[in-house]
Number of protein chains: 4
Amino acid sequence: MNKVRIGSVGLGRLGLQHAENIAGKMQHAQLVALCDVDKSKLHETADRLGVPHRFSSFEELIALKELDAVVLASPSGLHTKQIAAALGAGKHVFSEKPLGITVAECKEAEKAVEAHPGQVFMLGFMRRFDESYQYAHEKVLAGEIGKPVLFRSYSQDPEKFIQGAIAFAPHSGGQFLDMAVHDIDLARWFTGSEPETVYAIGDCYAHPEFAQYQDGDNVSCLMRFKNGCMVFLFAGRTAPHGYNVETEIIGTKGILRIASIPQKNLVEVLDAHGVRRECSENFLERFGSAYINEVQEFVNCIITGTTPAVSVYDGTKVSEIAYTCKASFETGTLVRF
Amino acid sequence: MNKVRIGSVGLGRLGLQHAENIAGKMQHAQLVALCDVDKSKLHETADRLGVPHRFSSFEELIALKELDAVVLASPSGLHTKQIAAALGAGKHVFSEKPLGITVAECKEAEKAVEAHPGQVFMLGFMRRFDESYQYAHEKVLAGEIGKPVLFRSYSQDPEKFIQGAIAFAPHSGGQFLDMAVHDIDLARWFTGSEPETVYAIGDCYAHPEFAQYQDGDNVSCLMRFKNGCMVFLFAGRTAPHGYNVETEIIGTKGILRIASIPQKNLVEVLDAHGVRRECSENFLERFGSAYINEVQEFVNCIITGTTPAVSVYDGTKVSEIAYTCKASFETGTLVRF
Amino acid sequence: MNKVRIGSVGLGRLGLQHAENIAGKMQHAQLVALCDVDKSKLHETADRLGVPHRFSSFEELIALKELDAVVLASPSGLHTKQIAAALGAGKHVFSEKPLGITVAECKEAEKAVEAHPGQVFMLGFMRRFDESYQYAHEKVLAGEIGKPVLFRSYSQDPEKFIQGAIAFAPHSGGQFLDMAVHDIDLARWFTGSEPETVYAIGDCYAHPEFAQYQDGDNVSCLMRFKNGCMVFLFAGRTAPHGYNVETEIIGTKGILRIASIPQKNLVEVLDAHGVRRECSENFLERFGSAYINEVQEFVNCIITGTTPAVSVYDGTKVSEIAYTCKASFETGTLVRF
Amino acid sequence: MNKVRIGSVGLGRLGLQHAENIAGKMQHAQLVALCDVDKSKLHETADRLGVPHRFSSFEELIALKELDAVVLASPSGLHTKQIAAALGAGKHVFSEKPLGITVAECKEAEKAVEAHPGQVFMLGFMRRFDESYQYAHEKVLAGEIGKPVLFRSYSQDPEKFIQGAIAFAPHSGGQFLDMAVHDIDLARWFTGSEPETVYAIGDCYAHPEFAQYQDGDNVSCLMRFKNGCMVFLFAGRTAPHGYNVETEIIGTKGILRIASIPQKNLVEVLDAHGVRRECSENFLERFGSAYINEVQEFVNCIITGTTPAVSVYDGTKVSEIAYTCKASFETGTLVRF
């Protein structure tokens, strides 16, 4: 196979970015089809990127013979079914998280993947493909920090996007499912272990609107993992400074911090506010390269016939953990896995 | 009163520093007496600092008429009795933490203080007198960061002092009582609130010797405070880089970080290891000025007849909280206050 | 024109990077030909990147009809002639710096460009295409730092590459022509002005081998620009920490610093060496994206019929200034432009 | 001698700080007299600090028998005469910079010091007593950075003090004499060498008022030192962010940067302006400890009969160099020493 022919599904913010990446920033990949219900956006984007096939029906897209693979950036509620359908149509599948919106859906996705062992399936935990997270992960694997003692990870969205978050709250599943899943995935990836206990707390500190969904605007949890590692996660929607994703891994011999300052670029400003770094504003700005790298990995796996490091089971595990965090948060109790 | 005449008790590392500070770095204070059981160290120090009165008996020291106040840097187990005795002898008392080694002892100390309302009593939570913590506290009080959402604080001793920590382990009371008390005090001071629940975990990640005392070499806890604030504390004995005390206060409108890098000074080194800051090695290096400031505050309170901001009740509260953290750690359960 | 069909010339380190970028990381571009005298490298690369046409003769390459443009990453001494020949063959030309190895050659290149006004010519001052330099430049243009007072820029190669630098010394033209040209270009770009005077000094501090070429291993110069701005440049070959390119622009209302720490990525390491950032090792690591962006700009200019911001005259000006710095350095005198 | 009995002269901002330091923050020192022409300030300060002797006449002060030493923080124009008079009266003398306002005056001071070999004379280049500068100096002496290649030092006053600077401009001697003298001293101290050539430039970028005194609001110079080291100094009066004194020493094996960010304390603020450090506002805030340390060193030298590291000849040399920088600046030429 010379180039993997890809159809990209969904033209929301991330979907659009995927489409542009596949069209112009990747090797061995060709964007041959786009799918979105918004026809004007569909044609405008396809024209701009020179994409021959356009669909407003997902079923029609996967019926396209000259398509090797699909990239799913559709609404979360559609993921499980689209994964199964695309695999059933013989396509390789890359899906953005989550695998499904319930654990039961995740299990369905597992079955679909298991039923098509010759096809590549990959889930988009993009942080694993960020060069800084990868660099840190290699150091941890190489034993440079010794045994992991504390894993701490934050996911904070800027306060300025709060109206969108409130509007999306009925469908988000809450902070643990919507935001902390990435930190949960990282915790498992860095520690190589799974949680035993969790205590989760939080509140509506600035925006009471989240309370009706048993959610908070800022939440956290402390977990003990099976290998003894302590895991502290924090997810918030009111970051004053920007889009902040930071992680610290304290080991017995060394400590790594990834992005403890969410610097926008390498420019430092010295002015009346002091000496300062301006910050990343959103996930696309912070993880722009990671979104390219993850789909490139998917493409490489198809070409070389290898299996992606992120499996369908990672998706299920992360969902199970996030639901358990949510249960602890809602009941105010310590929960054992 | 022109100068407060002080007797300093205990010439361990911190006691020696207090003696030197009172002798030469403070206003309105005069070091007139020293007390330690090690006679050679007592006379060497007294000679060097020009101190006229020397005692190896605490009772004799407090019988000295020309003494206005005592500063206690004696072993923790002696604090409660010495506080009571010195107050009984009519002296103002500054005591290093802890107030007592059990909550019952703390209550005894409370009674002694209450019985001498005209005398100044102050407990040495030195971090409150560090200029950076003070600067941050003023910003929080002024509302600059909005409502507190998450208070995170670390106390880490360098790995290189581990043998001393192991030797002291039978008497330390464990990580929460020995180290985290400072972070507990800060949490109460910054949030103006008290804990409701705590879940504490940890382990012996590098040094199994602590296990026999139901202690770990690294521990942490997550608490929910009555005002809703989340509080995450971490205390460790294996810091690879130095003496690390850092605190972060995330508010709804701003975030403050104090000493997120435990920089030794303002020198940055660029060499084969990259661009780096060397780190503080111990509490005396990091909190040198705070130790001066706290005793200066004590002296100022005596002269002006005011009451120190840190009261005897703060000492009891912090001990109660630390014991509760310890109980959660030992039982592996969520504990409600 | 749907895609610009490009032939890339030279497969040294930078040439190889350009070839890979054009092949897989750019929009509206197609790598259709490669040219290098090393036939095995030529075919290995062309096979790997799927490039149909391969040449060991530059003349044959530019005779290829289905070629719209050439990207020159050949040895510096060939640039002027290849620019003229490629333009003469009707191709758009992107050339890495320098335009020529003498000012006379630069003037020849100017004539060639002037003789083909309908074809795009662009010179590769890649730093202008680095996102951090661009961000800073926009702030300067927007007046955010007021009037430029001091422009300071460093170019430092790591000590570990010194043997290569010594071997190349007879052909490099010296530090000002080989390294400081990028800083000179930035100074002109940021200040919008040209130099009036220069005083240049330096020496062989660690490597006497450079002395025979009237060069130093570390040099610097202070220039006064026509708008009054002070410009201080430093170029060195013995950086202990990595590849360091940093720039500071002090204005009357604000100061900007670009990459004052040449951080490799967003990982911070805390270990026995303190708190540290590992550093970029070479220009490809630091300016990887800039090399993509500059050729993308070239491609965009061809497609949209616009003129690149970096002109042939910039190349000549920079060479003239670098030669004048060199003259000051060699004579030990102040030189006026 | 048990305690050195000191009379402090001048109660301007720095003089007041010296008085308070001697009164309450130093060992082996006693503040026994104050001298200032402003009688109300004199008595208010003496009362507050418990100082028995007060003088508005310098001659009367030095006639006081029970005085061992004087600390001069009087107007610069008085230094030379007061140094000579105090030494003549048998007192040890600490003088703030400058030694004199002309090189001739400096030579006079030299003679006075030479005439009283048994008395301690020390000049207040306080930066040498800052712990960060001292730490860096020890590393340089220990050979940790190899051979010095480039010494770069900035002295910037905040824009907000510009009106005071303009008012003082007729008497300041210009930027090189008023501000850069500290950097010149550091350059000599760190390199152990003296300048050979200098080229100085600058301008009035924001405040034309300085032009009438042949001065600029921002100036710089490049010097070649006898050991080959390059020295670049910058002095400015329009710093947007605070009081900025920073120094970089690039060596063949390592690089040191001192205070490249003029951080006010250890607090980092994350808010709408990004991630930022607030800055020092003035020299007293930045060099508070250094001002204590330098006078403590003076006191220690008196007690132990040793000679201070900063000699009267350092004062003359620095003045000579500053005048030569000024000459280069005023004539626009390269000047050789």
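Before reading further, recall that the structure is shown in the block above.
All values derive from a computational prediction rather than experimental measurement.

### Observations concerning the sheet that holds strand β4 (residues 69–72) of chain C
Residue and element names in this part refer to chain C.
Thought 1: Taken in spatial order, the six strands line up as β3-β2-β1-β4-β5-β6 in an open sheet, and their pairing is parallel. On the outer flanks of this sheet lie β3 (53–55) and β6 (121–124), each paired with one strand and no other. Taking the axes of each pair of neighbouring strands and ignoring which way they run, one obtains an average angle of 25° across the sheet.
Thought 2: Bridging between strand β1 (residues 4–9) and β4 involves four bridges; their strand directions are parallel. Of the residues in β4, the one forming a bridge with valine 9 is leucine 72.

### Quick look at the sheet that holds strand β1 (residues 4–9) of chain D
Residues and elements named next belong to chain D.
Thought 1: Spatial strand order, β3-β2-β1-β4-β5-β6: six strands in an open sheet with parallel pairing. If you trace the sheet from one side to the other, it starts and ends with β3 (53–55) and β6 (121–124), each paired once. Ignoring which end each strand starts from, the neighbouring axes of this sheet average 25° apart.
Thought 2: Helix α10 (residues 288–304) rests against β1, β2 (29–35), β4 (69–72), β5 (92–96) and β6 of the sheet, and its axis sits at about 160° to β5.

### Let's talk about the interface of chain A and chain B
Thought 1: Each partner contributes to the interface: chain A provides 43 residues, whereas chain B provides 43 residues.
Thought 2: For the pair chain A and chain B, the two sides together bury roughly 3,300 Å², of which 63% comes from carbon and sulfur.
Thought 3: Here chain A and chain B share four salt bridges between them.
Thought 4: The salt bridge involving aspartate 203 of chain B is made with arginine 224 of chain A; its shortest N-O contact spans 2.8 Å.
Thought 5: Put simply, chain A and chain B have 18 residue pairs in polar contact (both at pLDDT 80 or more) between them.
Thought 6: Mapped onto the side of chain A that touches chain B, the elements with two or more residues apiece are β7 (148–158), β8 (195–203), β9 (218–225), β10 (230–239), β11 (244–251) and β12 (255–258) of chain A.

### Here we look at helix α2 (residues 39–49) of chain B
All names here are of chain B.
Thought 1: Listed as buried for α2 are Leu42, Thr45, Ala46 and Leu49. For α2, the angular spread of the buried residues around the axis is 100°, confining them to a single face. α2 presents Ser40 and Asp47 as exposed residues on the side facing more than 90 degrees away from its buried surface.
Thought 2: Of the surrounding elements, those touching the buried residues of α2 are α1 (13–24), β2 (29–35) and β3 (53–55).
Thought 3: Once α2 ends, the next one or two residues include glycine 50, with phi positive near 65°.

### A few points about the side chain of glutamate 105 of chain A
All names here are of chain A.
Thought 1: Looking at where glutamate 105 falls in the secondary structure, it is placed in helix α5 (residues 103–114).
Thought 2: Nearest to the buried, unbridged glutamate 105 among oppositely charged side chains is lysine 81, at 6.5 Å.
Thought 3: There is a polar contact of 2.8 Å between the side chain of glutamate 105 and the backbone nitrogen of isoleucine 101.

### Topic: the packing of helix α6 (residues 131–141) of chain B against helix α8 (residues 175–191) of chain B
Residues and elements named next belong to chain B.
Thought 1: Between α6 and α8, the least distance of the axes is 9 Å, while the angle of their chain directions is 35°. The residues of α8 that touch α6, namely those facing Tyr133, Gln134, Ala136, His137 and Val140, are Leu186, Trp189 and Phe190.
Thought 2: Looking at the contact of α6 with α8 residue by residue, the classes come out as six nonpolar, two polar and no charged.

### Looking at the nonpolar core
Proteins that are soluble and globular tend to have nonpolar side chains buried together.
Thought 1: In this structure, Leu61, Phe151, Phe190 and Met223 of chain C are the most contacted members of the largest nonpolar core, which totals 98 residues.
Thought 2: At 10 residues, the largest contribution of residues to this core is made by helix α8 (residues 175–191) of chain C.

### Things to note about the relation of the copies chain A and chain B
Thought 1: When chain A is fitted to chain B, the residual RMSD is 0.0 Å, and the transformation amounts to a turn of 180° plus an axial shift of 0.0 Å. Considering both components of the superposition, the chain copies are consistent with a two-fold axis.
Thought 2: Of the residues that chain A buries at the interface, 100% are likewise interface residues in chain B, meaning the two copies contact each other through the same surface.

### A word on the packing of aromatic side chains
Each aromatic ring pair is summarised here by two numbers: the centre-to-centre distance and the angle between the ring planes.
Thought 1: By the definition in use, this model includes 36 aromatic pairs over all chains.
Thought 2: Look at tyrosine 243 of chain A and phenylalanine 287 of chain A: their rings are 6.3 Å apart centre to centre, the planes differ by 90°, and that puts the pair in the edge-to-face class. Placement of tyrosine 243 of chain A in the loop between β10 and β11 and of phenylalanine 287 of chain A in the loop between α9 (283–286) and α10 (288–304) is noted, with a sequence separation of 44 residues between them. Exposure class is identical for tyrosine 243 of chain A and phenylalanine 287 of chain A. Each is buried.
Thought 3: What links up through ring pairs into an aromatic cluster is the set Tyr133, Phe151, Trp189 and Phe190 of chain A.
Thought 4: Lying over the aromatic face of tyrosine 154 of chain B, arginine 152 of chain B brings its terminal NZ or CZ to 4.8 Å of the ring centre.

### Brief notes about empty space enclosed by the protein
Thought 1: If you walk through the whole model with that rule in mind, you get seven cavities of 30 Å³ or more.
Thought 2: By volume, the largest cavity is sized at about 890 Å³.
Thought 3: Taken together, 46 residues make up the lining of the largest cavity; nearest its centre are Ile261 of chain A, Ile261 of chain B, Ile261 of chain C together with Ile261 and Glu268 of chain D.
Thought 4: Of all the elements in the fold, those that place two or more residues in the lining of the largest cavity are β13 (263–271) and β14 (274–279) of chain A, β14 (274–277) of chain B, β14 (274–277) of chain C together with β13 (263–271) and β14 (274–279) of chain D.
Thought 5: Taken as a whole, the second largest cavity spans an internal volume of roughly 50 Å³.
Thought 6: Ranked by residue count, the leading element in the lining of the second largest cavity is helix α11 (residues 312–331) of chain D, at three residues.
Thought 7: When grouped by side-chain class, the residues that make up the lining of the second largest cavity number six nonpolar, two polar and one charged.
Thought 8: Two domains each donate at least three residues to the lining of the second largest cavity, and these are domain 1 (4–119) and domain 2 (128–289 + 318–336) of chain D.

Quick notes on the rules
Residues numbered from 1 in each chain as written. Chains lettered and ligands numbered in written order. Predicted model: local features only at pLDDT ≥ 70, side-chain atom pairs only at ≥ 80, totals over all residues. Heavy atoms only, no water. Pairing = 2+ DSSP bridges. Helix = DSSP H or I, 4+ residues; strand = E, 2+ residues; numbered from the N terminus. Axes fitted to C-alpha atoms, helices over the stretch in contact; angles between N-to-C directions. Contact = heavy atoms within 4.5 Å. Buried area = accessible area lost by both parts, 1.4 Å probe. Salt bridge = Lys/Arg side-chain N within 4 Å of Asp/Glu carboxyl O. Polar contact = N/O pair within 3.5 Å; in protein donor to acceptor, adjacent residues only side chain to side chain. Buried < 20%, exposed > 50% of the residue type's maximum accessible area, 1.4 Å probe, protein only. Arc of directions from axis to C-beta. Lys, Arg positive; Asp, Glu negative; His and termini not counted. Nonpolar A, V, L, I, M, F, W, Y, C, P; charged D, E, K, R; others polar. Core = buried A, V, L, I, M, F, W, Y, C linked by side-chain atoms within 4.5 Å. Least-squares fit on C-alpha atoms with pLDDT ≥ 70 in both. Phe/Tyr/Trp six-rings, centres within 6.5 Å; stacked < 30°, edge-to-face > 60°. Lys NZ or Arg CZ within 6 Å of the ring centre and 35° of its normal. 1 Å grid on protein atoms, 1.4 Å probe; cavity = no way out; pocket = protein on both sides within 12 Å on 5 of 7 lines; lining within 4 Å. Points joined across faces, edges and corners; volume = space filled by probe spheres on them. Domains from an automatic or database assignment.

Distances and angles like these do not, on their own, reveal function.
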